[in-house]
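Report on the structure
Below are the chains, spelled out letter by letter.
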Amino acid sequence: SVRETFLIIYACTGIDNIAEAITLLELNNWDLVAAINGVIPQENGTVPPLSSSSSSSSPPSSSTSAFCPVSPTSRHIVERQPRMLNFRVEYRQRSVELVLEEGSTVGEIKNILETELGVPVSKMQLKGWKSGDVSDTTVLRSLHLPKNNSLYVLTPDIAPTASTSKNSALQESLNQNFLLVISHREAQRDYSLNFPGSRTIQEVKRNISDLTNIPVRHQQWEGWPASASDDSMTLAVSGISYPCHHLSVCRRLSPANAQEPTEECADVHMISDSEGDDFEDASEFGVDDSEMFGMGSSSCRKSPMMPENSENEADALLHFTAEFSSRYGETHPMFFIGSLEAASQEAFYGKARDRKLLAIYLHNDESVLSNVFCSQMMCADSIVSYLSQNFITWAWDVTKEANKARLLTMCTRHFGSVVTQTIRTYKTDQFPLLLIVMGKRTSNEVLNVIQGNTTVDELMMRLMGAMEIFTAQQQEDIKDEDEREAREMVKREQDEAYRLSLEADRKKREAQEREEAEQVRLEQMRKEQEEEKEAIRLSLEQALPPEPDEESGEQISKLRIRTPSGEFLERRFLGSCKLQVLFDFVASKGYPFDEFKLLTTFPRRNITQLDPGSTLLEAKLFPQETLFLEAKE
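Residues numbered from 1 in each chain as written. Predicted model: local features only at pLDDT ≥ 70, side-chain atom pairs only at ≥ 80, totals over all residues. Heavy atoms only, no water.

**Side note on the overall build of the protein chain**
Along its length, the protein chain carries 17 helices and 16 strands. Here the protein chain holds 633 residues, and 43% of them are scored as buried. Across the protein chain, the fraction of contacts at a sequence separation of at least 24, relative to all contacts at a separation of at least 6, is 65%. As displayed, the protein chain offers around 33,900 Å² of accessible surface, 50% of which is attributable to carbon and sulfur atoms. (Helix = DSSP H or I, 4+ residues; strand = E, 2+ residues; numbered from the N terminus. Buried < 20%, exposed > 50% of the residue type's maximum accessible area, 1.4 Å probe, protein only. Contact = heavy atoms within 4.5 Å. Areas by Shrake-Rupley, 256 points an atom, 1.4 Å probe, with all protein chains shown as cover.)

As C-alpha cells, this is what we get:
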C-alpha cells in the first residue's frame, strides 16, 4: 500500500522522482490530498478527499482513478499547466498577496514588490526563505516550496517614516532571537535553541525532527499559543513569549483502530492533519523505513559527507563541501581544500600580520546535533562572516571509523597525542566539534573545543574569546617580527654599504692598474720608437761618406746648421754630394727628415722641398752656408 501512495502521486502529477515525492509530502505534512492539489492547477479541478468507505471497499484500480483520471488527455493537461505558488509578503504596515508560477525567479518577485511597495530592488532584502538567503536568479522550483508561503521585506537603508512607526515593533521582533526551551518527553531531555524571529514554526518543527528523530507529521506539541494556528507563521507574529518560551513535544500515538492492511484492502487510508489522523510509519504497514516506496535505502538515505578511504584529502574535502552545500545551502564557511598540513601552513606560517586561527570542524552524521549545528550555527550569517575574516576553516567527517582513524593520525602528527586523546574522549552524541587551534613558535595549541550542544551567541562568544587570545599573541609576534626585520634591515644596509665600498675600492684599484699598464705600454712604445730611431740614426751615420779634408783639392762646401735647441752642427761636404747625404747627416743627429725641415737664412728657402738627388752646387749651398732646422707643423 505504501508503494501505491507513490503510484497515486505519479499517476496524478507525473512526478516520477522518489526524493521529489517525499519532499512534496513533507511540505504538506504528509497530507496526500493537499500534496496533489498543491501540484495540480486549480483550473483542472481539485482532488476530492478520500472517504473511509471508498478507501476500504474500492478495489485498487478504482482507488487510483478516484484521485485523478490517467487518460492521455488529462495527463497531457497536467504536464502542460504550471504549478502556482501563493506568497504573502509583509512590509511594515502593508501586506501584499502574490501568485506566481514555480518557474519564476526570486528577482521577479522583487520586481513586482518594487511596483507594489515603491521600494527599489537594490534596497530590498526579501527574507523568510526556509533555505536561508537566496539570490535573485534562484528559480522557485529549486526551493521546493509549499503552495502557501509567508515572506517579509527588510529595508535597512530606508529610515521608517511617521506612517510606518506602528510597525516598528514587528520589524524589531523579526530581528530578535527567541530562546525556545523544548522538552522531549520520551527522552526526558531539554533542548535550548535560539531562533531568529523570522524563522517559521514549520522550520522549528523540522529542526526538532532532526534532533529527536520524530517526523513532523508525528509530532505532538504543547505550549504553542492559540494564535500560532499556521505553521507558515514566523515566530515574531506567532504570539510566543520573548525572550524565552517553553514547549514540549512527543511522538503522537497511532490511532487505536489502525489495522494492518491486507491484500483484500490494499488502498491507502489518508486523511489530512486537519482532520486529526496521521499517515502511519512505514513500519506499521510491515515495510522497513529503508524500503519506503518499494525502493532501496540508497534512494532515500543521505549520501555521506565524505567518502571512506579517500586517497586524496583535497578530493575528500571537495566532496565534503559539495555535500554540505546540498544539505544546508550555499551560505556556509569557506572550507579549506587541502590537507591538514597545508591548512596549518596557510594559517600559521605566513607573516605575523597575515596569520589566522585554524578552525577544525569535525562532523558526525550519527549525532542528533549535527543537523541543527550545521543549519543554525555554521550557516548563520554572523558566524560565516566571522570565520571567513579571522579563521582558516578545515573540515573532516568522522562518521566512518576509517576516516576517524585517519584524522587521529593527522592530529597526532601535527598537534601531538594530547589533542588526539582529547578527540577520542568525546562521544558520538557530543559531536560535531569545532577545534580552535593557534600556531605558536614551538608548537600548535588548541585554545578551545566547542561541542555541538551550543547556541549561536555562545559560539560567537567563544570564537571572539579565542580571537582575543590570538590577537594578543599576534601583536607580540608582529612586534618581534618588526624588530627582527629592523635588525635585518640595518644589517642589510651595512652589508650593502660594505659591498659598495669594496666595489669602489676594486674599481679604483682596477683603474690604477689600467693606468699603470697604459704607462708601461706607452713607455715600452716610446723605448721601442727611440730604439728604432737610434737604429735608423746609427745606420744613417754609418752610411754617410767620410768628411773630406780642406786640402783635398776638391770643391768643398762647408755647412753650418743651427738646431732648435740653439746648438750648431758643422760638417764639410763635397760640392758634388747629393742633398740626400745632407738630409741623412741631419737625421743621424736626431732630426729625421719627416719631422724637421731645413731652411736657408737669406733668402729663406726650404731645402727639404728640393729634389734630394740634386747636388749641393745645384742647390747653391757652396762654398759655405748657414742653415737652421725647424720642426714641421
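Moving on from the coordinates now.
**Thoughts on the nonpolar core**
Formed by 58 residues in total, the largest nonpolar core has its most connected members in Phe 324, Leu 358, Trp 394, Trp 396 and Leu 463. Considering each element in turn, this core owes the most residues, seven residues, to helix 16 (residues 456–543). Filtering out sequence-adjacent residues up to four positions away, Leu 358 remains in contact with Leu 340, Ala 343, Ser 344, Ala 347, Phe 348, Phe 391, Ile 392, Trp 394, Phe 415, Leu 435, Ile 436 and Val 437. (Core = buried A, V, L, I, M, F, W, Y, C linked by side-chain atoms within 4.5 Å.)

**Digging into the packing of helix 9 (residues 201–212) against helix 12 (residues 370–378)**
It is the contact of helix 9 with helix 12, at a shortest axis distance of 8 Å, that shows an interaxial angle of 145°. Residue-level contacts link Asn 207, Asp 210 and Leu 211 of helix 9 to Asn 371, Val 372, Ser 375 and Gln 376 of helix 12. The class makeup of the residues in the contact of helix 9 with helix 12 is two nonpolar, four polar and one charged. (Axes fitted to C-alpha atoms, helices over the stretch in contact; angles between N-to-C directions. Nonpolar A, V, L, I, M, F, W, Y, C, P; charged D, E, K, R; others polar.)

**A closer look at the sheet that holds strand 8 (residues 244–251)**
Across the sheet, four strands lie side by side as 6-5-8-7; this open sheet has mixed pairing. Each having just a single partner strand, strand 6 (189–196) and strand 7 (219–222) make up the two edges of the open sheet. Strand-to-strand, the axes of this sheet are offset by a mean angle of 30°, without reference to chain direction. Judged from the eight bridges that link them, strand 5 (residues 177–184) and strand 6 form a sheet pairing that is antiparallel. In the strand pairing of strand 6, Leu 179 is matched with Asn 194. Against the sheet, helix 9 touches strand 5, strand 6, strand 7 and strand 8, its axis set at about 145° to strand 6. (Pairing = 2+ DSSP bridges.)

**Structural notes on the pattern of salt bridges**
Scanning the model with the defined rule gives 29 salt bridges in all. A salt bridge links Lys 351 to Glu 485, with the shortest nitrogen-to-oxygen separation between them at 3.1 Å. Here Lys 351 is found in the loop between helix 11 (340–348) and strand 9 (357–363), whereas its partner Glu 485 is found in helix 16, with 134 residues between them in sequence. In this structure, a network of salt bridges that share partners links the residues Arg 83, Glu 102 and Arg 141. (Salt bridge = Lys/Arg side-chain N within 4 Å of Asp/Glu carboxyl O.)

**Observations concerning the sheet that holds strand 4 (residues 148–154)**
Strand order in the open sheet formed by four strands is 2-1-4-3, with mixed pairing between adjacent strands. In the strand order of this sheet, the two ends are held by strand 2 (94–101) and strand 3 (125–127), each with one partner. If you compare each strand with its neighbour and ignore which way they point, the axes differ by 30° on average. Bridging between strand 1 (residues 84–91) and strand 2 involves eight bridges; their strand directions are antiparallel. Bridge pairing in strand 2 links Val 89 to Val 96. Helix 7 (residues 106–117) contacts strand 1, strand 2, strand 3 and strand 4 of the sheet and is inclined by roughly 140° relative to strand 2.

**Some remarks on the packing of aromatic side chains**
Per the stated rule, a full pass over the model turns up 15 aromatic pairs. Taken together, a centroid distance of 5.3 Å and an interplanar angle of 75° make the contact between Phe 324 and Phe 335 edge-to-face. Pair noted here: Phe 324 is in helix 10 (residues 313–328) and Phe 335 is in the loop between helix 10 and helix 11, with a separation of 11 residues, a long-range link. Each of the two residues, Phe 324 as well as Phe 335, counts as buried. Arranged with centres 6.2 Å apart and planes meeting at 50°, the rings of Tyr 386 and Phe 391 form a pair that is tilted. Residue Tyr 386 is classed as buried on the basis of its relative accessible area, which comes to 18%. Among the aromatic side chains, those forming a connected cluster through ring pairs are Phe 320, Phe 324, Tyr 328, Phe 335, Tyr 361 and Phe 373. The ring of Phe 573 has Arg 571 sitting right over it, with the charged end atom 4.9 Å from the ring centre. (Phe/Tyr/Trp six-rings, centres within 6.5 Å; stacked < 30°, edge-to-face > 60°. Lys NZ or Arg CZ within 6 Å of the ring centre and 35° of its normal.)

**Brief notes about helix 10**
Taking 1.5 Å per residue, 16 residues should reach 22 Å; helix 10 reaches 22 Å between its end C-alpha atoms and fits that length. Those residues of helix 10 not exposed but buried are Glu 313, Ala 316, Leu 317, Phe 320, Thr 321, Glu 323, Phe 324, Ser 325, Arg 327 and Tyr 328. Sitting at the head of helix 10, Asn 312 places a side-chain oxygen 2.7 Å from the backbone nitrogen of Ala 314. Gly 329 sits one or two residues past helix 10 and shows a positive phi near 100°. (Expected span 1.5 Å × (residues − 1). Polar contact = N/O pair within 3.5 Å; in protein donor to acceptor, adjacent residues only side chain to side chain.)

**What about unusual backbone geometry?**
Look at the link from Tyr 242 to Pro 243: it is a cis peptide, with omega at 5°. With respect to the helices and strands, Pro 243 occurs in the loop between strand 7 and strand 8. Put simply, Phe 431 and Pro 432 share a cis peptide bond, and its omega is 0°. Structurally, Pro 432 can be placed in the loop between helix 15 (417–425) and strand 11 (433–439). The backbone of His 144 sits at a positive phi, close to 55°, despite the residue not being glycine.

Honestly, it's all geometry; don't read function into it.
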